[in-house]
Amino acid sequence: MSNIVNEFNAYRAKMNDKILADNNKVIKRIFNLDTNAYAEGALDVKTKELLGLVASAVLRCDDCIKYHMETSYNIGLKKEEVVEALSIATLVGGTIVIPHLRRAYEFWDALEAQE
């Protein structure tokens, strides 16, 4: 697995464990809500992941972008589908999204390199 992917996943898991260990009811409910929001419903999981990716890019959250990129990759979205979603995010978010677009491409390449 690529170093950038490993580092992201290791840090995310470590910190999520630490956060959840504090047993804060509000934080646990937010984590649960996030998990349930991306479950199959009226919209399929792939569509929801692309929506999450677009929102994350527009909000310029690199961790969120990486999370949605990896999930998109793991559920079988094609690069072309992800790039098309990112093009909408860049259009909506403006040129300030471009640095995040660069990092998104780098992360997707790292995901593909782990095959």
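Everything quoted here is computed from the prediction, not taken from an experiment.

1. A few points about the pattern of salt bridges
Phase 1 of the analysis: Counted according to the given criterion, the structure contains 2 salt bridges.
Phase 2 of the analysis: For Lys-79, the salt bridge goes to Asp-109, with nearest N and O atoms at 4.0 Å. Taken together, the positions of Lys-79 in helix H5 (residues 79-93) and Asp-109 in helix H6 (residues 98-113) put the pair 30 residues apart, joining distant regions of the chain.
Phase 3 of the analysis: In this structure Lys-79 comes out as partly exposed when scored by relative accessible area, which is 29%.
Phase 4 of the analysis: The exposure class assigned to Asp-109 is partly exposed, which follows from its relative accessible area of 39%.

2. Some remarks on a nonpolar patch on the surface
Phase 1 of the analysis: The grouping of Ile-88, Leu-91 and Val-92 at the surface amounts to a nonpolar patch, some 320 Å² of accessible area in total.
Phase 2 of the analysis: Structurally, Leu-91 can be placed in helix H5.

3. Quick look at empty space enclosed by the protein
Phase 1 of the analysis: Per the counting criterion, the structure on display carries 1 cavity of 30 Å³ or more.
Phase 2 of the analysis: Approximately 30 Å³ is the volume attributed to the largest cavity.
Phase 3 of the analysis: Taken together, Met-69, Lys-79, Val-82, Val-83, Leu-86, Ala-104, Tyr-105 and Trp-108 form the lining of the largest cavity.
Phase 4 of the analysis: Taken together, the elements giving at least two residues each to the lining of the largest cavity come down to H5 and H6.
Phase 5 of the analysis: Considering each element in turn, the lining of the largest cavity owes the most residues, 4 residues, to H5.
Phase 6 of the analysis: Class assignment of the residues belonging to the lining of the largest cavity gives a composition of 7 nonpolar, no polar and 1 charged.

4. Some thoughts on a negative patch on the surface
Phase 1 of the analysis: Together, Glu-80, Glu-81, Glu-84, Glu-112 and Glu-115 give the surface a local cluster of negative charge.
Phase 2 of the analysis: Residue contributions to the negative patch peak at 3 residues, all from H5.
Phase 3 of the analysis: Of note, Glu-81 is situated in helix H5.
Phase 4 of the analysis: The partly exposed category is assigned to Glu-81, whose relative accessible area is 34%.

Rules behind the numbers
Residues numbered from 1 in each chain as written. Predicted model: local features only at pLDDT ≥ 70, side-chain atom pairs only at ≥ 80, totals over all residues. Heavy atoms only, no water. Salt bridge = Lys/Arg side-chain N within 4 Å of Asp/Glu carboxyl O. Helix = DSSP H or I, 4+ residues; strand = E, 2+ residues; numbered from the N terminus. Buried < 20%, exposed > 50% of the residue type's maximum accessible area, 1.4 Å probe, protein only. Patch = residues over 30% accessible without salt bridge, like charges linked within 9 Å, V, L, I, M, F, W, Y side chains within 5 Å. Areas by Shrake-Rupley, 256 points an atom, 1.4 Å probe, with all protein chains shown as cover. 1 Å grid on protein atoms, 1.4 Å probe; cavity = no way out; pocket = protein on both sides within 12 Å on 5 of 7 lines; lining within 4 Å. Points joined across faces, edges and corners; volume = space filled by probe spheres on them. Nonpolar A, V, L, I, M, F, W, Y, C, P; charged D, E, K, R; others polar. Lys, Arg positive; Asp, Glu negative; His and termini not counted. Charge placed at Lys NZ, Arg CZ, Asp CG, Glu CD.

Purely geometric stuff here, so don't read any function into it on its own.
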